[in-house]
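Read off the chains here:
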Amino acid sequence: MAETNQQRGSQSAEQTNIEEAWEADLLERYPEPGTPPEGSAQAESADFRDYTEGTRDGVQEFYYQNHTRQTLEFVRDMHQKYLPLRHRQMSVWEAMDFLDELVDDSDPDTEEPQIFHAVQTAEAIRADGHPDWFVLTGLIHDLGKVLCLFGEPQWAVVGDTFPVGCGYSDKVVLAEYFEENPDKNNPEYQTENGIYEPGCGLENVLMSWGHDEYLYHVVGSYLPIEAQYMVRYHSFYAAHRENAYQHLMNDTDRQMFAWVRAFNPYDLYTKHDVAPDLDKLMPYYRDLVGQFFPETLQW
Ligand SMILES: [Fe+2]
Ligand SMILES: [Fe+2]
């Protein structure tokens, strides 16, 4: 049955709040180097730390849902549902507009359009003199969040990602919540390597389903391998920040994770920058997108 606008609006508001809470939590776990320690007067005044106790509860509930529901079977079902890509055809800009619509629906006074985060990330990468494909990756890296367009719950769109079908690392945030994941009761999935061969490479490992993996399938074939890794693993904090899951990686993964690590600060630490001048910047970004992508992409 078709959703009403109202239904989609409240779903969107919830989606955006959880996303914001997750992102605020990431900043708490991985503060920008040089920021004052939590609890200091400066930290208390920083906008991105100014969230309520209620939000923290919300983000814990979110991790609980994510860690208990992302089973191997669920991930396989999502691959079946979305791959090969057949849901719709959209340009990069149509996808961006859709994400902006989600924010508009929720709370226009406090939310910033998704395109701000996209352009802020890309502009910071450009300012540091990185190549075009890296700038482009900054612009598009979160477009996989259009999964909510297809009605997926937030625990299947955002949040830290992790391998399924093998033992959970205690480096995954709030790993204790995995105790209630049904896969915990399957001994085959709970050895260190689980259903995988040691060193098999992450391309052979099923990750929890979310916007990273989905977008990788949408845009991967148009991008260099470094960018593919940035898109696919940018929420895999246990690996790129905590060095977990090395036993599943191959040499290519280890080399390419240097690029995932290079990307991460642009994703995390550019949100509090000034709003980008979109009128001035859009010609550049339209041209950049046109250099790499066809008019429409398959989603
Ligand atoms: Fe993301
Ligand atoms: Fe992002």
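Residues numbered from 1 in each chain as written. Chains lettered and ligands numbered in written order. Predicted model: local features only at pLDDT ≥ 70, side-chain atom pairs only at ≥ 80, totals over all residues.

**Considering the overall build of the protein**
Each helix and strand counted, the protein has twelve helices and two strands in total. Taking all 299 residues of the protein together, the buried fraction comes to 38%. Taking as baseline every contact in the protein between residues at least 6 positions apart, the subset at least 24 positions apart corresponds to 77%. (Helix = DSSP H or I, 4+ residues; strand = E, 2+ residues; numbered from the N terminus. Buried ≥ 20, exposed ≤ 12 C-beta atoms within 10 Å, placed from the backbone. Contact = placed C-beta atoms within 7 Å.)

**Topic: helix H9 (residues 225-233)**
All of the buried residues in H9 are Ala 227, Tyr 229, Met 230, Val 231, Arg 232 and Tyr 233. Where H9 is buried, its residues contact helix H7 (132-140), helix H8 (211-219), helix H10 (237-240) and helix H11 (251-268).

**Observations concerning the nonpolar core**
With 67 residues, the main nonpolar core has Leu 139, Ala 238 and Val 260 as its most contacted residues. Considering every element that reaches this core, the biggest residue donor is H11, with six residues. Filtering out sequence-adjacent residues up to four positions away, Leu 139 remains in contact with Ala 118, Val 119, Ala 122 and Tyr 285. (Core = buried A, V, L, I, M, F, W, Y, C linked by C-beta atoms within 7 Å.)

**Some points on the environment of Val 218**
For Val 218, the location among the structural elements is in helix H8. Taking the C-alpha atoms as reference points, Val 218 and Gln 298, separated by 80 residues in sequence, lie 6.5 Å from one another. In contact with Val 218, other than residues within four places in its own chain, are Leu 85, Leu 297 and Trp 299.

**Structural notes on the environment of His 211**
Position of His 211 among the secondary structure elements: in helix H8. Owing to 25 C-beta atoms within 10 Å, His 211 belongs among the buried residues under this scheme. Sequence spacing of His 211 and Leu 143 is 68 residues, and the spatial spacing of their C-alpha atoms is 7.3 Å. If we ignore the near neighbours within four places in the chain, the residues touching His 211 are Asp 142, Gly 144, Lys 145, Leu 147, Val 157 and Val 158.

**Some words on the confidence of the model for the protein**
Per-residue confidence for the protein gives a mean pLDDT of 88, with 84% of residues at or over 70. Counted against residues more than four places away or in other chains, residues 1-9, with its pLDDT under 50, gives two contacts. Here residues 106-110 is a poorly scored stretch, pLDDT under 50, and it has five contacts once near neighbours within four places are set aside; other chains count. (pLDDT = per-residue confidence, 0-100.)

**Quick word on helix H6 (residues 114-127)**
Along its 14 residues, H6 runs 20 Å from first to last C-alpha, staying within 8% of the 20 Å computed at 1.5 Å per residue. For H6, the tally of buried residues reaches ten of 14 residues, placing the bulk of the element in the interior. Listed in full, the buried residues belonging to H6 are Gln 114, His 117, Ala 118, Val 119, Gln 120, Thr 121, Ala 122, Glu 123, Ile 125 and Arg 126. Following H6 by one or two positions, Gly 129 adopts a phi angle in the positive range, close to 80°. (Expected span 1.5 Å × (residues − 1).)

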